[in-house]
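Descriptive analysis of the structure
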Amino acid sequence: MNNISNQRFSLPFLILAVLFCVCLIVANLVEIKTVSLGFLTVTAGMVVFPVSYIINDCLVEVYGFRKARLVIWLGFLMNLLVTVLLQLAIWLPGDVSWASQDAMVAIYGGVPRILAASFLAFICGSMVNAWVMSRMKVSSQGRYFSLRAIVSTLWGEGVDSVIFFPIAFGGVLPWTTIMHLIVAQALLKTAYEVIILPVTLMVVKRLKRIESLDTYDHGLKFSIW
């Protein structure tokens, strides 16, 4: 990331970076709530987390893999910072009038195993999403954005789920249940991408017009750093 450390960043890019970090942090904060969707049970994070993948697609499409990678690591570090600060707030001794310590611990305490699974899954899934999007753009000569967005999200969300659920729930839930969760989460989050695709297309077109930019990662050496 040293080769972009001295670059100036535009306002649209900074807005997308902030939105990416906020969506990621909020998704992890609300992940504890389960939501019933008829015959499916998902987490409240389903409403917010896929937005980070949509922003990821926009970043790769307009600014390229390297700047998308920078935002991914920024999101990871900001999420880690929020987690550390929440743990510090829980650890601080409460006033005698404070009667919600148990509730705070239950909601924000987190399980180290689940947090580790979440962080690892996010980095791997987001990087795979950006890599697939970038490679497909070069190979298709910039065509078929909708297809590239869907395929990259399916790969990214698939990798995210394959890593997260076995690490977080292996030995706790039956493996058949874990497999169902992996498939359901990946497909549902990809379906989310499909539904909101018209908005994504509009954002990408406007960004390209505002920035006068359409990056192709020709000859780029892909790495996670």
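One structure accompanies this document, and this report is about it. (Residues numbered from 1 in each chain as written. Predicted model: local features only at pLDDT ≥ 70, side-chain atom pairs only at ≥ 80, totals over all residues. Heavy atoms only, no water.)

The geometry of a pair of packed helices is captured by two quantities: the angle between their axes and the separation between those axes. Orientation of helix α6 (residues 145-169) relative to helix α8 (residues 197-211), taken along the N-to-C sense of each, is 120°, at an axis distance of 11 Å. Here α6 lies oblique to α8, going by the angle between them. As α6 packs across α8, the resulting crossing turns out to be right-handed. Residues Phe-145, Ser-146, Ala-149 and Ile-150 of α6 pack against Leu-197, Thr-200, Leu-201 and Val-204 of α8. (Axes fitted to C-alpha atoms, helices over the stretch in contact; angles between N-to-C directions. Helix = DSSP H or I, 4+ residues; strand = E, 2+ residues; numbered from the N terminus. Parallel < 35°, antiparallel > 145°, perpendicular 65-115°, else oblique. Left-handed = near helix turned anticlockwise from the far one by under 90°. Contact = heavy atoms within 4.5 Å.)

This part is about the side chain of Asp-217. Counting through the fold element by element, Asp-217 comes out in the segment after α8. Look at Asp-217: it is buried, it has no salt bridge, and the nearest opposite charge is Arg-66 at 5.5 Å. At 2.5 Å, the side chain of Asp-217 and the side chain of Ser-134 are in polar contact. Once residues within four sequence positions are removed from consideration, Asp-217 is found in contact with Gly-64, Phe-65, Ser-134, Val-138 and Phe-222. (Buried < 20%, exposed > 50% of the residue type's maximum accessible area, 1.4 Å probe, protein only. Lys, Arg positive; Asp, Glu negative; His and termini not counted. Salt bridge = Lys/Arg side-chain N within 4 Å of Asp/Glu carboxyl O. Polar contact = N/O pair within 3.5 Å; in protein donor to acceptor, adjacent residues only side chain to side chain.)

A complete count under the given rule lists nine aromatic pairs for this structure. Measuring from centroid to centroid gives 5.5 Å for Phe-49 and Tyr-53, while their planes differ by 65°, and the two rings are edge-to-face. Taken together, the residues Phe-49 and Tyr-53, both in helix α2 (residues 49-63) and four residues apart, mark about one turn of the helix. An identical accessibility class is assigned to Phe-49 and Tyr-53; each is buried. The ring of Phe-13 has Lys-67 sitting right over it, with the charged end atom 5.7 Å from the ring centre. Above the ring of Tyr-216, the side-chain terminus of Lys-137 is found at 4.6 Å from the ring centroid. (Phe/Tyr/Trp six-rings, centres within 6.5 Å; stacked < 30°, edge-to-face > 60°. Lys NZ or Arg CZ within 6 Å of the ring centre and 35° of its normal.)

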